[in-house]
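Examination of the molecular architecture
For reference, the chains in residue letters:
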Amino acid sequence: MRRPMVAGNWKMNGSRAESAALVDGIVQGMGSVTKAEVVLCPPYILIPLVAEKLAGRHDIPWGGQNLDTHVSGAYTGEVSGPMLKDFGCTYVIIGHSERRTYYHEDDGLVAEKFGAAHAAGLTPILCIGETLEEREAGQTEAVVARQLDAVLAAHGIDGFKNAVLAYEPVWAIGTGKTATPEQAQEVHRFIRGKLAAKDGKVADNLRILYGGSVKGSNAKELFGQADIDGGLIGGASLKAEEFLTICRAAE
Ligand code: 13P
């Protein structure tokens, strides 16, 4: 049985005070979240604050939103996997569409980052998904297959034994335009089927999250689909009550 998971991707948001209040609010409401794994992914600079606030708790792991492929050295502005690990991170988001689009991360680099996460002892949350143009051209499956194949070619199906996938249709991110539960399920089923062709057990155990304008009001229907195991939440993860409502919807 796959444990549901709800991860908050704060993106580039939050002052220290806002972030502290957000973590406090989530912690206070955790009593009502009994089954889902709740993960927080703050910006790099807020990771120490989150780590400090959550130290000693085992119910809310945290992670980075990105990492560099190198371990250390002259890479100005970058943060490595071992550095994230040193600050208690368990997870790291890899290949988010904003990284792919604004920072030109291609499939090859994303695959490298996936490996760098594992090498540092982190669990990658690998994001894949098509643009509106690609969907309208009927290329959704081809695009997510290509994105998966790059990682499969580099790390094999065994790379997915310790990983989380997030299907995030680019057109649904931050737009308020959520994929319908049926649209999302169709792609999730395709993804799981593709991986199952390589190893049924790995595919069956793999958590595939949906991301893109998930809110308290639409989460339950999305998470109710057979192959949707939770969500990767952007905007709605910045409000404790809204985020907790989404976490409860995953149970
Ligand atoms: P929104 O929930 O703000 O649409 O963002 C989704 C996302 O990109 C999470 O990684």
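Residues numbered from 1 in each chain as written. Predicted model: local features only at pLDDT ≥ 70, side-chain atom pairs only at ≥ 80, totals over all residues. Heavy atoms only, no water.

This next bit is on the layout of surface pockets. Volume-wise, the largest pocket comes out at about 490 Å³. Per-element tally for the lining of the largest pocket: the top contributor is helix α4 (residues 97-102), with 3 residues. Considered class by class, the residues forming the lining of the largest pocket number 7 nonpolar, 5 polar and 4 charged. (1 Å grid on protein atoms, 1.4 Å probe; cavity = no way out; pocket = protein on both sides within 12 Å on 5 of 7 lines; lining within 4 Å. Points joined across faces, edges and corners; volume = space filled by probe spheres on them. Helix = DSSP H or I, 4+ residues; strand = E, 2+ residues; numbered from the N terminus. Nonpolar A, V, L, I, M, F, W, Y, C, P; charged D, E, K, R; others polar.)

To continue, consider the pattern of salt bridges. A complete count under the given rule lists 16 salt bridges for this structure. Between D204 and R2 there is a salt bridge, with the nearest N and O atoms lying 3.6 Å from each other. Taken as a pair, D204 in helix α9 (residues 200-205) and R2 in the segment before β1 (5-9) lie far apart in primary sequence, 202 residues in all. Among the residues examined, D204 registers a relative accessible area of 46% and is labelled partly exposed. Accessibility expressed as a relative area gives 19% for R2, which makes it buried. In this structure, D59 and R57 form a salt bridge, with 2.9 Å as the shortest nitrogen-oxygen distance. (Salt bridge = Lys/Arg side-chain N within 4 Å of Asp/Glu carboxyl O. Buried < 20%, exposed > 50% of the residue type's maximum accessible area, 1.4 Å probe, protein only.)

To continue, consider the environment of V23. With respect to the helices, strands and loops of the structure, V23 is situated in helix α1 (residues 16-29). Linking V23 and L46, residues 23 residues apart in sequence, is a C-alpha distance of 11 Å. The contact partners of V23, leaving out residues within four places of it in the chain, are W10, L40, V50, K53 and L54. (Contact = heavy atoms within 4.5 Å.)

Right, let's get into the sheet that holds strand β7 (residues 207-211). On the basis of which strands lie adjacent, the open sheet formed by 8 strands has the order β2-β1-β8-β7-β6-β5-β4-β3 and parallel pairing. With partners counted over all chains shown, the strands left at the sheet margins are β2 (37-41) and β3 (63-64), one partner each. As paired strands, strand β4 (residues 91-94) and strand β5 (residues 123-128) are joined by 4 bridges and run parallel to one another. Note that in β5 the partner of V92 across the bridge is P124. Sheet contacts for helix α11 (residues 240-249): β1, β2 and β8 (230-233); angle to β1, the most-contacted strand, approximately 155 degrees. (Pairing = 2+ DSSP bridges. Axes fitted to C-alpha atoms, helices over the stretch in contact; angles between N-to-C directions.)

Here we come to the site of the ligand. The local shell around the ligand consists of N9, K11, H96, E168, A172, I173, G174, G212, S213, L232, G234 and G235. In this structure, an oxygen atom belonging to the ligand sits 2.9 Å away from a side-chain N or O atom of E168. S213 places a main-chain nitrogen or oxygen 2.7 Å from an oxygen atom of the ligand. Burial of the ligand by the protein chains amounts to 95% of its free accessible area of 310 Å². Looking at side-chain class alone, the shell around the ligand contains 3 nonpolar, 7 polar and 2 charged residues. (Near = heavy atom within 4 Å. Polar contact = N/O pair within 3.5 Å; in protein donor to acceptor, adjacent residues only side chain to side chain. Areas by Shrake-Rupley, 256 points an atom, 1.4 Å probe, with all protein chains shown as cover.)

Moving on, we get to the nonpolar core. Core analysis: the largest hydrophobic core is formed by 68 residues, its most contacted members being F160, L165, I191 and F223. The element best represented in this core is α11, accounting for 6 residues. Once residues lying within four places of it in the same chain are set aside, the contact partners of F223 are V6, V214, I228, G230, G231, I246, A249 and A250. With 12 residues, the next largest nonpolar core counts V39, I93, C127 and L232 among its residues. (Core = buried A, V, L, I, M, F, W, Y, C linked by side-chain atoms within 4.5 Å.)

The next subject is helix α8 (residues 181-196). Because each turn of an α-helix spans 3.6 residues, side chains separated by three or four positions in sequence point in the same direction. The end-to-end C-alpha distance of α8 is 22 Å, a good match for the 22 Å that 16 residues give at a rise of 1.5 Å each. Along α8, the residues that are buried comprise P181, A184, Q185, V187, H188, I191, R192 and L195. The buried residues of α8 occupy an angular sector of 165 degrees when projected down its axis, which confines them to one face. (Expected span 1.5 Å × (residues − 1). Arc of directions from axis to C-beta.)

All right, on to the side chain of D229 then. Along the chain, D229 turns up in the loop between α10 (219-223) and β8. D229 sits in the buried class, given a relative accessible area of 8%. Polar contacts involving the side chain of D229 include one to the main-chain amide nitrogen of I208, which spans 2.8 Å. Residues within four places of D229 in sequence aside, it is in contact with R2, R3, P4, M5, R192, L206, R207, I208 and L209.

Bringing the packing of helix α5 (residues 107-119) against helix α7 (residues 140-155) into the picture now. Running from amino to carboxyl end, α5 crosses α7 at an angle of 50 degrees, the nearest separation of the two axes being 9 Å. Between α5 and α7, the angle is such that the two are oblique. For the pair α5 and α7, the sense of crossing is right-handed. Residues D107, A111, F114 and G115 of α5 form the contact with α7, whose own contacting residues are R146, Q147, A150, V151, A154 and H155. In terms of residue class, the contact of α5 with α7 is made up of 5 nonpolar, 3 polar and 2 charged. (Parallel < 35°, antiparallel > 145°, perpendicular 65-115°, else oblique. Left-handed = near helix turned anticlockwise from the far one by under 90°.)

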